[in-house]
Amino acid sequence: MLRRMLPLTLALLLPAFLLAPVHAAPASPAASASITKVASVEGITEYRLPNGLKVLLFPDTSQDTITVNVTYLVGSRHEGYGESGMAHLLEHMLFKGTPRHPNIKNEFQRYGARFNGSTSFDRTNYYETFAANDKNLDWALDLEADRMVNSNVAKKDLDSEMTVVHNEFEFG
């Protein structure tokens, strides 16, 4: 049912404490039935999945693109003393790839996606915008689920990204 609402903007809001391993599988009729419609206001409809994931659908038939926007309700306010910049560092690390998606930036280019991430006081956000079709949507949702659970966090990347994040803080 939700797939037929293309083109659309899809926003996912995930509190960090609700994260659990995600495995892509075809949706069964029982799974679709367990999706709860919460509210609909001015064309934006909120759904809740059994794992607590909040999905906001905002169809815009004037667009031929889809934006997948994932917002984790974790930001700099969750950093302890001496941890300044760690939320932003983690944002950078989620672009370093996973075993199944080893070069995320190249994948974005291959799919013609515009993408970015940002970190603020109370959230970390990732988005990609791409041509509206089921194949691209499946890819983007799989990528977002996979990189949240299986991101490569290597010391060499931490060291180089720590310098980048430090420079971003210094130069605004």
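Residues numbered from 1 in each chain as written. Predicted model: local features only at pLDDT ≥ 70, side-chain atom pairs only at ≥ 80, totals over all residues. Heavy atoms only, no water.

1. A few points about the overall build of the protein
Argument step 1. Helix and strand content of the protein: five helices and seven strands.
Argument step 2. Going from N to C terminus, the protein has its helices and strands arranged as β-α-β-β-β-β-α-α-β-β-α-α.
Argument step 3. For the protein, with 172 residues in total, the buried portion stands at 34%.
Argument step 4. A sequence separation of at least 24 residues applies to 70% of the contacts in the protein between residues at least 6 apart. (Helix = DSSP H or I, 4+ residues; strand = E, 2+ residues; numbered from the N terminus. Buried < 20%, exposed > 50% of the residue type's maximum accessible area, 1.4 Å probe, protein only. Contact = heavy atoms within 4.5 Å.)

2. What to know about the pairing of strand E3 (residues 44–48)
Argument step 1. Bridge count for strand E2 (residues 36–41) against E3 is five bridges, and the pairing is antiparallel. What sits directly across from Ser40, in E3, is Thr45.
Argument step 2. Hairpin connection, E2 to E3: the antiparallel pair is bridged by two residues, and Glu42 has positive phi, about 50 degrees.
Argument step 3. Here E3 runs beside strand E4 (residues 54–59); their pairing, made up of four bridges, is antiparallel. Each residue of the ladder has a partner; that of Glu46, found in E4, is Leu56.
Argument step 4. In this structure, the hairpin formed by E3 and E4 is closed by a connection of five residues, where Gly52 is found at a positive phi of approximately 95 degrees. (Pairing = 2+ DSSP bridges.)

3. Observations regarding the nonpolar core
Argument step 1. Ranked by size, the top nonpolar core spans 16 residues in total, and within it Val68, Phe108, Phe130 and Trp139 carry the most contacts.
Argument step 2. Every element with two or more residues in this core is listed here: strand E5 (65–72), helix H3 (104–110), strand E7 (124–131) and helix H4 (134–150).
Argument step 3. In this structure Phe130 touches Asp64, Thr65, Ile66, Val68, Tyr111, Ala113, Asn136, Leu137, Trp139 and Ala140, once residues within four positions along its chain are discounted. (Core = buried A, V, L, I, M, F, W, Y, C linked by side-chain atoms within 4.5 Å.)

4. A word on the confidence of the model for the protein
Argument step 1. When the pLDDT values of the protein are averaged, the result is 83; 80% of them are 70 or greater.
Argument step 2. Predicted confidence for residues 1–25 stays below pLDDT 50, and this span has 73 contacts to residues more than four positions away or in other chains. (pLDDT = per-residue confidence, 0-100.)

5. Overview of the environment of Ser84
Argument step 1. By the element assignment, Ser84 lies in the loop between E5 and helix H2 (86–93).
Argument step 2. Between the C-alpha atom of Ser84 and that of Phe169, which follows or precedes it by 85 residues, the distance is 9.9 Å.

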